[in-house]
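Listed below, chain by chain, are the residues.
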Amino acid sequence: MTDYKIINGTVLSFQEGAPVLEQKTLYIEDGRIAFFPAHEDRTYETVDASRRLIMPGLVNMHTHAYMTLMRNYADDVPFQEWLFNRVMPVEDHLPTEAAYWTSMLGMMEMIRTGTTTFVDMHMYHRQSALAARDTGMRAFIGRGLVGEDLYKDGYSRFSQALEEKEEFESGRLRFILSPHAIYSCSEKLLCQVAEEARKHHMLKQTHLSESVTEVEDCLKQHGKTPVRYLQDIGFLDSETILAHCVQMQGDDLDIIRASGASIVTNVASNAKLGNGIAPVPAMQAKGINVCIGTDGTASNNTLNMLREMNLLSLIHKGAGRDCMAMPSDYIVRAATYNASAALHDQQIGNITEGACADIIFVDLDAPSLFPNNNIISSLCYSANGSEVDSVMIDGRFVMRKGELLTIDKERVYHEVEKYFDHVKKETAQ
Ligand SMILES: [Zn+2]
């Protein structure tokens, strides 16, 4: 494995959560960051990072990478129509092996726009793990779980999730349990998942309070909000990651804060599907750990975290008529540093001695970023993703000077088109 000495760069790190910019040399040794060389005689490849910002790679805390083939496939339709009549029929006809290529397509966009780690919720045995293994991305892979009983109708997916964990788990690939939502999983199954997650030391992620319909149905069925319901059945804890949390009511945020769970906000997906705007400023005020996700491209329709960061800030300034809401330092922290607490991993989301070398190089001479009056602001308000010049994950370049090193773009496009033509024919019948 090549070791690197990165010189002349401007380094963005976080000290107690606050962003700090410094000119400093970084050493990358065995995939880890060091501020000083380990040995005088160690050999490094020197990387000149003049006019580059070196920052922690972005962490996309909620996505469905395999869904990337459905980009712009079902737009401008109601949520229930979108999910049940458009997305699910495609999933029903997509061959398992196709999900390798569609996941890889998603990872291509993520790397290109500066994401180094993603948390996936997928439903195709092994494909997400295989694609992440081959692209070199860091991934927390969650098998989507649905049904009444984890040990009966949910068993094949659950056992496959454990098989994937057994086969692929490493420092770079980790596995979580992902019950889809309270409306697609029974109370029994959710309790079983919580129990198995504790038993296997796995994190769990679920969609929660995404739409008004979900909340109204839960109030009718259980007489309580989805958040209270999950709390009462013992599902919520600090190992829980809650995607969406758009329709918060009453003491929902207090319950989440007390549980120690983290929230992933997906502002573009929520807006595009007409589900509303999550109360992120209130989450921030409560001290809840908030991270950012793109959701899948069927509902976003991009996996570009920089666009998500921009939208998250602007939508709250506009909707709340408050230009001080969601400042850029909070947004940049939510897209990087906050993932560390949610994922219980001190080695990601920051540039510190001994951290995983998951770093991106941003071109400070890009027209969209120049002049560099305020680099933190520029990441939130000016960057569009094209400024990402190079991406290193686990000490290995996966993109260098704009060239993808682990993905054959033409092959991916060919395979995705081939499989999607097949699916369209099948769903038309
Ligand atoms: Zn989702």
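Note that the structure is predicted; figures quoted are calculated from it, not measured.

Parameters and conventions
Residues numbered from 1 in each chain as written. Predicted model: local features only at pLDDT ≥ 70, side-chain atom pairs only at ≥ 80, totals over all residues. Helix = DSSP H or I, 4+ residues; strand = E, 2+ residues; numbered from the N terminus. Rg over C-alpha atoms; globule rule 2.2 N^0.38 Å. Buried ≥ 20, exposed ≤ 12 C-beta atoms within 10 Å, placed from the backbone. Contact = placed C-beta atoms within 7 Å. Pairing = 2+ DSSP bridges. Axes fitted to C-alpha atoms, helices over the stretch in contact; angles between N-to-C directions. Expected span 1.5 Å × (residues − 1). Arc of directions from axis to C-beta. Parallel < 35°, antiparallel > 145°, perpendicular 65-115°, else oblique. Left-handed = near helix turned anticlockwise from the far one by under 90°. Nonpolar A, V, L, I, M, F, W, Y, C, P; charged D, E, K, R; others polar.

S.K.: Which residues make up the overall build of the protein chain, and what values do they have?
M.R.: Per the secondary structure count, the protein chain includes 15 helices and 19 strands. For 429 residues, the compact-globule estimate of 2.2 N^0.38 gives 22 Å, and the protein chain sits close to it at 21 Å. Considered along the principal axes of its C-alpha atoms, the protein chain spans approximately 65 × 45 × 40 Å. Here the protein chain holds 429 residues, and 51% of them are scored as buried. Counting only contacts in the protein chain whose residues sit at least 6 apart along the sequence, the fraction spanning at least 24 positions is 73%.

S.K.: Explain the sheet that holds strand β7 (residues 52-56) residue by residue, including any values.
M.R.: The seven strands lie next to each other as β3-β2-β7-β16-β17-β18-β19, forming an open sheet whose pairing is mixed. Of all strands in the sheet, those bounded by a partner on one side alone are β3 (18-23) and β19 (403-404). Sheet topology places strand β18 (residues 396-400) next to β19; two bridges connect them, and they run antiparallel. Bridge assignment links Met-399 to a residue of β19, and that residue is Leu-404.

S.K.: Report on the sheet that holds strand β6 (residues 45-48), specifying residues and quantitative values.
M.R.: Reading across from one edge, β5-β4-β1-β6 is the order of the four strands in this open sheet, with mixed pairing throughout. Single-partner strands in this sheet number two, and they are β5 (32-34) and β6. Neighbour-to-neighbour, the strand axes of the sheet open up by a mean angle of 25°, direction not taken into account. Bridge analysis of strand β1 (residues 4-7) against strand β4 (residues 26-29) gives three bridges, and the strand direction is antiparallel. Each bridged residue has a counterpart across the sheet, and for Lys-5 the counterpart in β4 is Tyr-27.

S.K.: An account of the environment of Ala-194 is requested, with residue identities and associated values reported.
M.R.: With respect to the helices, strands and loops of the structure, Ala-194 is situated in helix α5 (residues 187-199). The sequence separation of Ala-194 and Tyr-419 amounts to 225 residues, and the corresponding C-alpha distance is 35 Å. Not counting the four nearest positions on each side in its chain, Ala-194 is found in contact with Lys-204, Gly-234 and Phe-235.

S.K.: Before we move on, could you go through α5 and cite the residues and values that matter?
M.R.: The end-to-end C-alpha distance of α5 is 18 Å, a good match for the 18 Å that 13 residues give at a rise of 1.5 Å each. Here the buried face of α5 lies against β10 (138-145), β11 (173-179) and β12 (204-208). After α5 finishes, the residue His-201 shows a positive phi value of roughly 55°.

S.K.: Run through helix α6 (residues 212-222), naming residues and quoting values.
M.R.: When α6 is considered as a whole, its buried residues turn out to be Glu-214, Val-215 and Cys-218. The arc that holds the buried residues of α6, viewed along the axis, is 95°, so those residues lie on one side. Of the residues in α6, the exposed ones pointing more than 90 degrees away from the buried face are Glu-216 and Lys-220. Of the surrounding secondary structure, the elements contacted by the buried residues of α6 are α7 (226-232). Phi for Gly-223, located one or two positions after α6, is positive at around 70°.

S.K.: Mind laying out the packing of helix α2 (residues 98-112) against helix α15 (residues 409-428), listing which residues take part and the relevant values?
M.R.: Contact geometry for α2 and α15: axes closest at 9 Å, N-to-C directions at 130°. As the angle between them shows, α2 and α15 are arranged oblique. Viewed along their axes, α2 and α15 form a crossing whose handedness is left-handed. Residues Ala-98, Trp-101, Thr-102, Met-104, Leu-105 and Met-108 of α2 form the contact with α15, whose participating residues are Lys-409, Val-412, Glu-415, Val-416 and Tyr-419. The residue inventory of the contact of α2 with α15, partitioned by class, reads eight nonpolar, one polar and two charged.

Without other data, these values stay purely geometric and don't point to any function.
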